[in-house]
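Residues per chain, in single letters:
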Amino acid sequence: MLSLNDKWIWDFWFAKDGADWHIYFLQADKSLGDPEMRHWNVTYGHAVSQDLKTWTHLGTTFAPAPSPAFDDRTTWTGSVIRDDSGLWHLFYTGTSNAEDGRKQRIGHAVGTDLHTWTRVGTGLILDLPDDSVYEEYDPALWDGRAMRDPWVIRDPDGPGWIMYFTARVPVGEEMNARGAIGFARSDDLATWRLEKPVFTGSFGQLEVPQVFQRNGRWYCLFCTAGEHWSEAYTAGQGGPRTTGTHYLIADSHLGPWTVAPGPFLDGDEICRRYAGKLVEVDGRLFLMGFDYWDEQGRFIGTVSDPVPVMEDEKTGLLSLTT
């Protein structure tokens, strides 16, 4: 388990370098008193491990920019990837003080040692144009514009890179059916072209996507709260609305994506873990998430040890072994 005595930890992501797992995580000082204040008092922590259980903490690695900047209020969840030259790239979510943190945009920084990051120019690489197919901020609809949690991978169809991110679309009468997985492309990791989302519907939001291929199938992990289930998805489940981590499944990285049938991969009415990530160790899958609530309803703010995941060879469906 990864924990800090003086800080809460929540969303996280990994970079693998040889035998080392580097984890980056959102952190905030427990001296704030109220864990709900963590979102607006956030920096990135960094730790390293070889077994995903015992961690060496390396301190704070990234933080909001000096004002004025698109990311001077918060730097939220992202991903890290290495290019062909060996340079590491950090993609992250930023919000600004000028907009009271209500408009999310995506930023870019680079580094050589996996700890020291330098913004490329202003950092900003992806914003919503005026004619966007994505939902713009409207306080009557949602508490902010969703354009966050970038997950970047190589384009499996050829040279270049692709990005998935948490988004919403401006169509549909039900607010909890507007959640989307956004999509963008780049030739060089610096200039990005926004495209239509690859998935919409079923939930009000699909947070911290993680997209990967395994055994000929594509998976898109996401997390959401029970209160953000659509009416149609709720009716189809026939059970309580749970909060946690689930996944989409497809034959192609472009879809069509469908919500995996059955219960959430890792869900509870009182959420135990959230913002899960799947990791592969010696050919096997494991789930890790940040520890959310204890039995008394108190925020925990640590990262769990790996939990084994079972795979159905015929259907590709996933389930936890514990």
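The coordinates are above.
Here's what I pulled together on the structure shown here. The numbering scheme is per chain: residues are counted from 1 as the chain's sequence reads. In keeping with the predicted nature of the model, local features appear solely for residues at pLDDT of at least 70, side-chain atom pairs appear and are counted solely at 80 or more, and the whole-chain, interface and lining totals rest on all residues. Side-chain numbers here rest on the full set of heavy atoms in the structure, without hydrogens or water.

## Description of the nonpolar core
To keep things clear, this is the line we draw: Take the buried Ala, Val, Leu, Ile, Met, Phe, Trp, Tyr and Cys residues and link them wherever side-chain atoms come within 4.5 Å; each set so joined is a nonpolar core. Note on exposure labels: buried denotes an accessible area under 20% of the residue type's maximum, exposed denotes more than 50%, and partly exposed covers the range between, all computed with a 1.4 Å probe on protein chains only. Secondary structure elements follow DSSP: runs of H or I of four or more residues count as helices, runs of E of two or more count as strands, with numbering from the N terminus. When checking whether two residues touch, look at their non-hydrogen atoms; a contact exists if any pair is within 4.5 Å.
Ranked by internal contacts, the top residues of the largest apolar core, which has 42 residues, are Phe14, Ile23, Trp55, Val80, Leu90 and Trp117. Elements that contribute at least two residues to this core include exactly β1 (7–17), β2 (20–29), β3 (43–49), β5 (74–82), β6 (88–95), β18 (273–281), β19 (284–293) and β20 (299–303). Examining the composition of this core, we find that seven residues originate from one element, β1, more than from any other. Look past the residues within four positions of Phe14 in its chain and what remains in contact with it is Trp21, His22, Ile23, Leu52, Trp55, Val80, Lys277, Val279 and Met288.

## Let's talk about the pairing of β18
Under the convention used in this document: The rule for pairing is simple: two strands pair if DSSP sees at least two bridges between them.
In terms of burial, β18 is largely enclosed, as seven of its nine residues are buried. Counting the residues in the hairpin turn of β18 and β19 gives two residues, including Asp282, whose phi is positive at 55°.

## Things to note about the sheet that holds β2
As a reminder, the rule being used: For helices, the axis comes from a line fit to the C-alpha atoms of the stretch in contact; other axes are also lines fit to C-alpha atoms, and the angle between any two N-to-C directions lies between 0 and 180 degrees.
The four strands are arranged β1-β2-β3-β4 in an open sheet whose pairing can be described as antiparallel. Since the sheet does not close on itself, it has two edges, and those belong to β1 and β4 (56–62), each with one partner. The mean inter-strand angle of the sheet, taken between neighbouring strand axes irrespective of direction, is 30°. One ladder, built from five bridges, connects β3 with β4; its direction is antiparallel. In the strand pairing of β4, Ala47 is matched with His57.

## Things to note about the pattern of salt bridges
Counted only if it meets this: For salt bridges, the criterion is a side-chain nitrogen of Lys or Arg within 4 Å of an Asp or Glu carboxyl oxygen.
Going through the model one piece at a time under the given rule, you end up with 24 salt bridges. Linking Glu280 and Arg214 is a salt bridge whose minimum nitrogen-to-oxygen distance equals 3.0 Å. Of this pair, Glu280 sits in strand β18 while Arg214 sits in strand β13 (residues 207–214), placing them 66 residues apart in sequence. Its relative accessible area of 45% is what places Glu280 among the partly exposed residues. Classification of Arg214 as buried rests on a relative accessible area of 10%.

## Re the pairing of strand β10 (residues 161–168)
Burial analysis of β10 places eight of its eight residues in the buried class, the great majority of the element. Side chains Trp161, Met163, Phe165 and Ala167 of β10 all project onto a buried face; the interleaved residues Ile162, Tyr164, Thr166 and Arg168 project onto the opposite face, where all are buried too. Pairing of strand β9 (residues 147–154) with β10 involves six bridges; the strand directions are antiparallel. Bridge pairing in β10 places Ile153 opposite Ile162. Linkage of β9 to β10, two consecutive antiparallel strands, is achieved through a turn of six residues, within which Gly158 is found at a positive phi near 160°. Strand direction decides the pairing type here: β10 and strand β11 (residues 179–186), joined by eight bridges, are antiparallel. Within β11, the position partnered with Thr166 by the bridge is Ile181.

## A look at the sheet that holds β9
Judged by pairing direction, the sheet is antiparallel, and its four strands sit side by side in the order β9-β10-β11-β12 without closing on themselves. With one partner strand each, in any of the chains shown, β9 and β12 (192–200) form the two edges of the open sheet. Strand-to-strand, the axes of this sheet are offset by a mean angle of 25°, without reference to chain direction.

## Overview of unusual backbone geometry
The peptide bond linking Ser67 to Pro68 adopts the cis configuration, its omega dihedral lying at -5°. Mapped onto the secondary structure, Pro68 falls in the loop between β4 and β5. A cis amide bond, omega 5°, links Gly255 with the succeeding residue Pro256. Position of Pro256 relative to the elements: it lies in the loop between β15 (243–250) and β16 (258–259). Positive phi is not limited to glycine here, since Leu52 has a value of about 65°. Mapping Leu52 onto the fold places it in the loop between β3 and β4. With phi around 35°, Val208 is a residue other than glycine that occupies positive phi space.

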